[in-house]
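Listed below, chain by chain, are the residues.
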Amino acid sequence: MAGLARLEYRGYDSAGIAVVTEDQNSLARAKKAGKLAVLAAELKEHPLAPGTVAIGHTRWATHGAPTDENAHPHLAADGRIAIIHNGIIENHAALRSELKAGGVTFASDTDTETAGHLLAAEIDSGLSLAEAMRAVTRRLEGAFTLLAVDAREPHTVVGARRNSPLVVGLGENENFLGSDVIAFIEHTRTALELGQDEVVVITPDAVIVTDADGDEVQREPYSIDWDTTAAQKGGFPTFMDKEIHDQPAAVADTLRGRMDDNGRLMLDAGIIDEGVLNAIDKIVVIACGTAAYAGMVAKYAIEHWCRIPVEVELAHEFRYRDPVVSVKTLVVAISQSGETMDTIMAVRHAQQQGASVIGIVNVQGSTIAREADAVLYTRAGPEIAVASTKAFLAQITAAFLLGLFLSELRGNKYSDEIAEILEELDAMPAKIQWVLDTSEPIREIARSMAGERTVLFLGRHVGFPVALEGALKLKELAYIHAEGFAAGELKHGPIALIEKDLPVFIVLPSPRGRESLHAKVLSSIEEVKARGARILVLAEEGDDEAPLYADHVFYVPEAPVLLAPLLNVVPLQIFACSLAGAKGYDVDQPRNLAKSVTVE
Ligand code: AGP
């Protein structure tokens with residue numbers, strides 16, 4: 001149950017557990033719709049028979065509504081077998097019809113139950129649980145992590161995975177399986193990964209990994225360097241609060257120790273031949289949601305530093321539009337979880353087209369980290385709150401590092417210029433801390449706006465993706481309609497939305513520098529002010545024009561234009577979190593969302 005609690009961020013609309021009872025001839029199961037607390041209450045009232053072998057599941061519904069019946073584990077063979085599943089079995093309908101035709105009755109609408117009955121049929125034909133699991137995975141199409149127990153094999157749990165995570169925890173006289181190491185790191189820090197279509201059999205004293213044909217596979221264990229406290233709230237009321245305040249460390253840790261003695265960037269894993277990197281003529285960033293906005297920020301910097309075109313593509317759109325990708329394309333996949341199915345499938349498509357892929361990923365050993373040709377880990381630590389904050393800043397930081405590495409490799413920028421930019425980056429954690437320490441005014445204004453129904457966000461240049469991210473945070477956390485616009489786009493239509501007292505948040509660029517867009521954005525402010533909008537402005541310290549135009553001004557420290565998003569997004573995160581809190585919403589687990597969208 002503790003492990004499930006730490007996995008809840010992956011989806012929490014129902015949960016269940018099945019135990020192989022100590023008299024070892026049956027299973028005891030409980031499952032409930034709703035958050036894990038509902039299941040815990042059920043178990044308190046109706047405790048299961050004791051046992052030391054069990055499987056548990058917290059669900060994010062894909063097939064079948066989040067009901068008690070559709071919650072996992074699902075049973076088969078008259079309750080002797082229990083199965084849980086993450087992912088989507090794409091051919092489940094045909095398999096279901098085949099099973100029904102054979103007389104099987106279904107208790108749920110889920111694709112998972114289909115796999116359970118297939119497993120029972122294979123065992124009835126004389127196979128062991130492990131052999132049956134291999135036979136079943138050969139018949140399934142789609143993405144799945146499956147775990148199953150059979151009361152006839154009371155000391156055994158069998159798991160299988162394809163396009164969905166499954167990690168093994170190696171303990172002392174006990175072993176574990178989980179979607180994420182966080183499920184068992186309080187018991188063991190030694191883990192190992194499974195490859196595609198591999199099946200793992202665990203007992204208290206053995207872990208056997210085989211391929212789909214049953215041939216044993218050797219997998220190298222690795223040690224996990226996250227400690228459980230890192231995933232606790234650390235004194236903050238919510239994970240969201242904690243993680244917003246983790247951001248100085250997330251940026252500093254992502255920057256730390258990145259350069260070798262010759263000042264060359266060091267990637268975390270894998271390599272891409274420098275000849276390939278020198279020959280690339282296009283960079284394509286693929287990501288979803290907040291990670292895509294991080295890619296949009298990075299685009300401005302990388303294009304400026306490297307003089308290579310950078311396209312930012314929503315992963316779920318990318319592979320269906322027959323993109324122009326070649327061996328001279330460098331794909332940068334940005335993903336906190338490393339398990340976003342849309343991004344995984346886009347990565348595979350790009351690799352099939354011959355592109356090299358660098359993953360900017362937060363979760364060690366995740367699918368994208370393992371399948372990319374090289375990895376640059378964001379060292380944000382476990383991000384538990386569903387809405388991404390510290391990973392966003394870490395993603396931008398890592399993308400900047402990649403841009404600097406490429407610019408040096410290709411001779412666009414020279415070591416002294418790069419050293420200067422790195423110095424500015426090294427100063428950012430303290431500046432982010434300054435924003436956090438002076439954030440009470442924005443918390444106050446947010447609480448006063450809990451009744452608002454719409455908020456618009458405007459930004460220009462790198463401020464545009466910041467506006468998009470600010471709007472996304474408000475949507476995700478406070479369930480308020482919010483929209484981000486490029487400030488220059490307003491007059492081409494969206495200005496029709498402006499009416500009296502409509503709150504508009506504007507990211508005002510620094511007034512410093514010849515090419516500053518400060519005046520242009522002030523014009524945008526005047527356009528909306530003239531139509532009665534309520535003006536909230538993020539401005540750089542020392543900007544004494546901003547208060548002449550705004551109803552509320554929130555300052556951030558001076559920073560180079562390209563690095564300013566690392567500061568400007570923080571007040572917008574705090575605004576969304578505080579406003580949602582004032583509405584009494586659960587900012588760690590917003591409705592309808594899951595931390596990692598592991599289905600396409
Ligand atoms: C972030 O606040 C959102 N929850 C969501 O947009 C997220 O960024 C997106 O699903 C991508 O997730 P990933 O970074 O794990 O790939």
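Undergrad: How do you make sense of the overall build of the protein when you look at a structure like this?
TA: Within the protein, the secondary structure is distributed over 20 helices and 24 strands. The C-alpha atoms of the protein give a radius of gyration of 25 Å, which matches the 25 Å a tight globule of 600 residues would have. Evaluated residue by residue, the protein yields a buried proportion of 58% over its 600 residues. Partitioning the contacts of the protein with sequence separation of at least 6, the portion at a separation of at least 24 is 70%. Averaging the locations of the 54 positively and 85 negatively charged side chains of the protein gives two centres separated by 4 Å.

Undergrad: Which parts of the structure should I look at to understand the packing of aromatic side chains?
TA: Think of a pair of aromatic rings as described by two things: how far the centres are apart, and how the planes are tilted against each other in angle. Here the structure, examined in full by the defined rule, presents six aromatic pairs. Aromatic pair Tyr-479 and Tyr-585: ring centres 4.5 Å apart, planes at 25°, arrangement stacked. Here Tyr-479 is found in the loop between helix 17 (463–478) and strand 21 (481–486), whereas its partner Tyr-585 is found in the segment after helix 20 (565–582), with 106 residues between them in sequence. Of the residues examined, Tyr-479 reaches a relative accessible area of 22% and is grouped as partly exposed. Aromatic rings pair up to connect Phe-457, Phe-505, Phe-554 and Phe-575 into one cluster. Above the face of the Phe-106 ring, Arg-96 is positioned so that its terminal group lies 4.1 Å from the ring centre.

Undergrad: Hey, could you run me through the site of the ligand in this one?
TA: The full set close to the ligand counts 13 residues, and Ser-335, Gln-336, Ser-337, Thr-340 and Glu-476 are the nearest of them. Take Thr-290: an N or O atom from its main chain is 3.2 Å from an oxygen atom of the ligand. Notes on the ligand: free accessible area 420 Å², of which the protein chains cover 91%. Put simply, the parts of the chain that give the shell around the ligand at least two residues each are helix 9 (289–306) and helix 17. When residues of the shell around the ligand are assigned to their parent elements, the largest contribution, three residues, is made by helix 9. Here the shell around the ligand is built from residues that sort into four nonpolar, seven polar and two charged.

Undergrad: Before we go on, may I ask you to explain the pairing of strand 17 (residues 329–335) in this structure?
TA: Burial analysis of strand 17 places seven of its seven residues in the buried class, which makes it a mostly covered element. Where burial is concerned, the two faces of strand 17 agree: the one with Thr-329, Val-331, Ala-333 and Ser-335 and the one with Leu-330, Val-332 and Ile-334 are both buried. Here strand 15 (residues 282–287) runs beside strand 17; their pairing, made up of five bridges, is parallel. Its bridge partner being in strand 17, Ile-286 is matched across the sheet by Ala-333. In terms of handedness, the path from strand 17 via helix 11 (residues 341–352) over to strand 18 (residues 356–361) forms a crossover that is right-handed.

Undergrad: Please explain the side chain of Thr-114 as it appears in this structure.
TA: The residue Thr-114 is located in helix 4 (residues 111–124) in this model. Those residues within four positions of Thr-114 in sequence are excluded, and the remaining contacts are His-92, Leu-95, Arg-96, Leu-99 and Phe-106.

Undergrad: What is the right way to look at helix 20 in this model?
TA: Counting along an α-helix, one turn takes 3.6 residues, and residues three or four places apart therefore face a common direction. Spanning 18 residues, helix 20 covers 26 Å between terminal C-alpha atoms, matching the ideal 26 Å at 1.5 Å per step. By the criterion of burial, helix 20 is predominantly enclosed, with 16 of the 18 residues buried. Where helix 20 ends, the next residue or the one after it, Gly-584, has phi of about 80°, a positive value.

Undergrad: Can you help me understand the pairing of strand 18 in this one?
TA: It is a general feature of regular strands that their side chains alternate between the two faces of the sheet. Of all six residues that make up strand 18, six are buried, and the element is covered over most of its length. A two-sided burial pattern is seen for strand 18, the buried positions comprising Ser-356, Ile-358 and Ile-360 on one face and Val-357, Gly-359 and Val-361 on the other. Inspection of the sheet shows strand 18 paired to strand 19 (residues 374–377) by four bridges, in the parallel sense. When the sheet's bridge partners are listed, Ile-358 is paired in strand 19 with Ala-374.

Undergrad: For this particular structure, what's the right way to read the sheet that holds strand 24 (residues 552–556)?
TA: Across a sheet, paired strands are connected by hydrogen bonds in the backbone, their directions being either parallel or antiparallel. Here we have five strands laid out as an open sheet, ordered 21-20-22-23-24, and parallel in their pairing. Looking at the sheet topology across the chains shown, the edges are occupied by strand 21 and strand 24. Looking at each pair of strands side by side, their axes are set apart by 20° on average, direction ignored. Looking at chain direction, strand 22 (residues 503–507) and strand 23 (residues 534–540) are connected through five bridges and run parallel. Opposite Phe-505, over in strand 23, you have Leu-536 as the bridge partner. Against the sheet, helix 16 (residues 440–448) engages strand 22, strand 23 and strand 24, with an angle of about 145° to strand 24.

Undergrad: Could you clarify how one ought to interpret the nonpolar core in this entry?
TA: Inside soluble globular proteins, nonpolar side chains tend to come together where they are buried. Grouped together as the largest cluster of nonpolar side chains are 96 residues, with contacts concentrated most on Ile-283, Phe-457, Leu-474 and Phe-575. For this core, the leading source of residues is helix 13 (residues 390–409), giving 12 residues. Discounting chain neighbours no more than four positions away, the residues touching Phe-575 are Ile-442, Ile-445, Ala-446, Met-449, Phe-457, Leu-474 and Phe-505. Counting 25 residues, the second largest nonpolar core, distinct from the first, contains Ala-76, Leu-95, Leu-99 and Ala-160.

Undergrad: Is there a simple way to think about the sheet that holds strand 2 (residues 27–33) in this case?
TA: Pairing within the open sheet is antiparallel, and its three strands lie in the order 2-1-3. If you trace the sheet from one side to the other, it starts and ends with strand 2 and strand 3 (53–59), each paired once. Strand after strand, the sheet turns through a mean of 5° between neighbouring axes, direction not considered. Across seven bridges, the pairing between strand 1 (residues 14–20) and strand 3 is antiparallel. The residue of strand 3 that forms the bridge with Val-19 is Ala-54. The sheet strands contacting helix 2 (residues 36–45) are strand 1 and strand 2, and the helix crosses strand 2 at an angle near 135°.

Here is what the cut-offs are and how they apply
- Residues numbered from 1 in each chain as written.
- Predicted model: local features only at pLDDT ≥ 70, side-chain atom pairs only at ≥ 80, totals over all residues.
- Heavy atoms only, no water.
- Helix = DSSP H or I, 4+ residues; strand = E, 2+ residues; numbered from the N terminus.
- Rg over C-alpha atoms; globule rule 2.2 N^0.38 Å.
- Buried < 20%, exposed > 50% of the residue type's maximum accessible area, 1.4 Å probe, protein only.
- Contact = heavy atoms within 4.5 Å.
- Lys, Arg positive; Asp, Glu negative; His and termini not counted.
- Charge placed at Lys NZ, Arg CZ, Asp CG, Glu CD.
- Phe/Tyr/Trp six-rings, centres within 6.5 Å; stacked < 30°, edge-to-face > 60°.
- Lys NZ or Arg CZ within 6 Å of the ring centre and 35° of its normal.
- Near = heavy atom within 4 Å.
- Polar contact = N/O pair within 3.5 Å; in protein donor to acceptor, adjacent residues only side chain to side chain.
- Areas by Shrake-Rupley, 256 points an atom, 1.4 Å probe, with all protein chains shown as cover.
- Nonpolar A, V, L, I, M, F, W, Y, C, P; charged D, E, K, R; others polar.
- Pairing = 2+ DSSP bridges.
- Right-handed = clockwise from strand over helix to strand, strands pointing away.
- Expected span 1.5 Å × (residues − 1).
- Axes fitted to C-alpha atoms, helices over the stretch in contact; angles between N-to-C directions.
- Core = buried A, V, L, I, M, F, W, Y, C linked by side-chain atoms within 4.5 Å.

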